[in-house]
Amino acid sequence: MNEITISGPEAQPTTLAKKVPSKYLLLAVWAAGIGGTFQYGYNISIINAPTKAVQNFINQTWTERYSTEISSDMLTLLWSIIVSIFTIGGLVGASVGGTLAIRFGRKGTLLFNNTFALLAALFMGLSYPASTFELLVIGRFLTGVNAGIAICVQPLYIGEIAPRALRGAMAMGTSIFITGGILTGQVMGLKELLGKDEYWPILLSTICIPAVLQLLTLPWFPESPRYLLIDRGDDIACQKALMWFHGQDKYHGEMEDIERERVSALGIKPKKPWELFTDRSIRWQLLTLVVIHTSQQLNGINAIYFYADYVFTQAGIPDDKIPYATVGTGACECITALTCGLLIESLGRRALIIGGYTLMSVCCICFTIALTFQDSSPWVPYLSMVCVLAFILSFGLGPGGVTNILTTELFTQTDRPAAYMIGGSINWTSFFVIGMIFPFIVNGLKQYCFLVFLVICLLVATYIFFVVPETKNKTFLEIQNEFKSRKKIINANGTEGPLLSTPM
């Protein structure tokens, strides 16, 4: 392989580079994230503020068409479709994201994905002047497709451009942009900004802004070096990309890691999702993928947000001030994601995700007790508030931050896109199912629903403790070999034992 020299970023001091990513890497993460998972978080939160205004618009449009007011059941159904169609779009996006990432590249897919966001902004912005609420349904579906592709492809891009020693910290950009999107949507929905009834078409159309920002910035950055070398076989372009991201005197180690992975993948084509299920060599990685993505939606975080307004009201916060308290929870989650990014390379993935689920289990117990005795003492509602914030902090430090990183690290280049398609599909399906059945769970179990989430959190923490090795500062091939070594650990009964050889 020939060495090449290009004009690019200057080398940083070696000791500093080991601790802090270069500014070019950070800018690449920002360019990928602003039109990527930021859109996911933003679209989740901005739909809450204009609820009443959009329902009034639907009622007005229905009356103009049919000369009669819409029934409350039909209004509820239409609003539910507008909200939930986002998850259907997300499932579609996640199902095709990996295929697009292989065909067009990670960067190319992210750029193409902005088409869905721009079309969605156009449809939702035109819905009011056109008196056509169906455009809202189409727009929300397209935002879901955009989010589904983004949450599949952005972690691929970031995980593959990051140096091994900083892979966890940089991959936290996915969670940081999700929480940043949620917080930004909550702020934009305040009455002082675009939360007034007459501004709702503008509010829903603002999703075009992150898309435009990404279209202006991401083209300046290279494609994923791993994709260029392993999938495209273009070693010159790979070297140029590595030099750009890491500097001309520090890219050799990353090049050697990628070259080793390419040699191991010679003659192997990128796998389809169904092919992963028939590959016994990665069954533990695949099982782990299913467990962590299913539990991310079923661990109780949705229940916490459902109860948040009730808890704030019981604590004496006026109704018109509750949106500001909700912004506080969004800021709390965003700060936690940033904190996780600072801790993940020192504490490791296992410590954070096991600790996160363990703390969430404790919060489930405390929150159940606090809700049960909510009216017994004036200080109990404040205990409930503490439980809400503690649960959100625990989620952000653990599963909220580490899940996507593990998806990147547990699989090699030929398996990774299919793994993200499977994980994304599970995540969006669980998101949809929990949205459908959650009201029935709450109505049936009341505050005791958190005991169900307690069991889920404990089971997931136990599974990760016994099965998942530490992946910090290891190559993708080393992680794969650790899972393969599990077959050799046989207990006295002849069954497979835990991966106890890997420290936390």
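Numbering of residues starts from 1 in each chain and follows the order in which that chain's sequence is written. With the structure being a predicted model, the display of local features is reserved for residues of pLDDT at least 70 and the display and counting of side-chain atom pairs for 80 or more, all residues being used for whole-chain, interface and lining totals. Only heavy atoms go into the side-chain values, all of them from the structure, while hydrogens and water stay out.

A.B. asks: Describe the overall build of the protein, and please don't skip the residues or the numbers.
C.D. replies: What counts as a helix is a DSSP run of H or I of at least four residues, what counts as a strand is a run of E of at least two, and both are numbered from the N terminus. The helix and strand tally for the protein stands at 24 helices and zero strands. Put simply, the radius of gyration uses C-alpha atoms, and a globule should come to 2.2 Å times the residue count raised to 0.38. Computed over its C-alpha atoms, the radius of gyration of the protein comes to 23 Å, within 12% of the 23 Å expected for a compact globule of 504 residues. Overall, the C-alpha framework of the protein stretches about 75 × 55 × 45 Å when taken along its three principal axes. Working rule for contacts: check all heavy atoms of both residues, and any pair within 4.5 Å makes them a contact. Here the contacts in the protein between residues at least 6 apart in sequence split such that 82% fall between residues at least 24 apart. Surface accessibility follows the Shrake-Rupley procedure with a 1.4 Å probe radius. Residue values consider only the protein chains on display as shielding. Carbon and sulfur atoms make up 67% of the accessible area of the protein, which totals about 21,100 Å². In this tally Asp and Glu are treated as negative and Lys and Arg as positive; neither His nor the chain ends contributes. By convention, the point assigned to a charge is CZ for Arg, NZ for Lys, CD for Glu and CG for Asp. In the protein, 35 side chains carry a positive charge and 34 a negative one; their mean positions are 6 Å apart.

A.B. asks: An account of the domain arrangement of the protein is requested, with residue identities and associated values reported.
C.D. replies: By a frequent convention, interface size equals the accessible area lost on bringing the separate parts together. Those domain boundaries reflect an automatic or database domain assignment. Here the protein is partitioned into domain 1 (20-221) and domain 2 (268-486). Each of domain 1 and domain 2 was reduced to a C-alpha centroid, and the two centroids are 22 Å apart. Note on terms: buried area is the combined drop in 1.4 Å-probe accessible area of two parts once they are placed together, counting the loss on both. Summed over both sides, the interface of domain 1 with domain 2 buries roughly 3,400 Å², with 68% coming from carbon and sulfur. On the domain 1 side of the contact with domain 2, Arg164, Arg167 and Met172 bury the most area, a combined 17% of that side's loss. Salt bridges, as used here, are contacts in which a Lys or Arg side-chain nitrogen is within 4 Å of a carboxyl oxygen on Asp or Glu. Connecting domain 1 to domain 2 are two salt bridges. One salt bridge in this structure joins Arg416 and Glu160, with 3.2 Å as the shortest N-O distance. For the side of domain 1 that touches domain 2, the secondary-structure elements that each account for two or more residues are helix H3 (37-46), helix H5 (72-104), helix H7 (134-161), helix H8 (167-171) and helix H9 (173-188). Sort the elements by how many residues they give to the side of domain 1 that touches domain 2 and H5 lands first, with 12 residues.

A.B. asks: Which residues make up the environment of Asp320, and what are the values?
C.D. replies: Its location among the elements puts Asp320 in the loop between helix H17 (301-314) and helix H18 (322-347). Each C-alpha atom, one on Asp320 and one on Gly348, is 42 Å from the other, the two residues being 28 residues apart in sequence.

A.B. asks: Tell me about the packing of aromatic side chains, and name the residues and values.
C.D. replies: Aromatic contacts are taken between Phe, Tyr and Trp rings whose centres are within 6.5 Å, Trp giving its six-membered ring; a plane angle under 30 degrees counts as stacked, one over 60 as edge-to-face, and the others as tilted. Under the definition given, this model contains 14 aromatic pairs. With a centroid separation of 5.7 Å and 50° between ring planes, the pair formed by Phe57 and Tyr128 is classed as tilted. Here the residue Phe57 occupies a position in helix H4 (residues 51-66), and Tyr128 occupies one in the loop between helix H6 (106-127) and H7, the gap between them amounting to 71 residues. By relative accessible area, which is 43% here, Tyr128 ends up partly exposed. Residues Phe367 and Phe450 carry aromatic rings whose centres are separated by 4.9 Å and whose planes lie at 80° to one another, so their mutual orientation is edge-to-face. Placement of Phe367 in helix H19 (residues 349-372) and of Phe450 in helix H23 (residues 449-467) is noted, with a sequence separation of 83 residues between them. As far as the burial class goes, Phe367 and Phe450 line up, both buried. By the ring-pair criterion, three or more aromatic residues cluster together here, those being Tyr40, Phe86, Trp428 and Phe431. Relative accessible area decides the class of each residue, using a 1.4 Å probe on protein chains only: under 20% of the type maximum gives buried, over 50% gives exposed, and in between gives partly exposed.

A.B. asks: Got a sec to walk through the nonpolar core? Specific residues and values, please.
C.D. replies: Counting 60 residues, the largest nonpolar core has Tyr357, Phe367, Phe450 and Ile464 as the members making the most contacts within it. With 10 residues, H23 is the largest single contributor of residues to this core. Setting aside its immediate chain neighbours within four residues, Tyr357 contacts Ile292, Ser295, Gln296, Asn299, Pro399, Cys457, Val460, Ala461 and Ile464. To form a nonpolar core, buried Ala, Val, Leu, Ile, Met, Phe, Trp, Tyr and Cys residues must be joined to one another through side-chain atoms within 4.5 Å. Core analysis: the next-biggest nonpolar cluster, separate from the first, contains 53 residues, Ile47, Trp79, Ile158 and Tyr420 among them.

A.B. asks: Help me get a handle on a nonpolar patch on the surface, residues and values and all.
C.D. replies: Taken together, the side chains of Leu118, Val212, Leu215 and Leu216 define a hydrophobic patch exposed on the protein surface, amounting to about 310 Å² of accessible area. A per-element tally of the nonpolar patch places helix H11 (residues 208-217) first, with three residues. Exposure above 30% relative accessible area and the lack of any salt bridge qualify a residue for a patch; like charges then connect within 9 Å, and the nonpolar side chains Val, Leu, Ile, Met, Phe, Trp and Tyr within 5 Å.

A.B. asks: Run through the state of the cysteines, naming residues and quoting values.
C.D. replies: For this text, the term disulfide refers to a pair of cysteine sulfurs within 2.5 Å. Applying the stated rule across the entire model yields zero disulfides. Here Cys363 stays unpaired: no disulfide links it, and the sulfur of Cys387, its closest cysteine neighbor, is 6.1 Å away. When its relative accessible area of 10% is taken as the criterion, Cys363 is described as buried.

A.B. asks: Pulling in residues and values, what's your account of unusual backbone geometry?
C.D. replies: Notably, Ser67 is not glycine yet its phi reads approximately 60°, a positive angle. On the secondary structure map, Ser67 appears in the loop between H4 and H5. Phi at Asn473 takes a positive value of approximately 60°, unusual for a residue other than glycine. Within the secondary structure layout, Asn473 lies in the loop between H23 and helix H24 (476-484).

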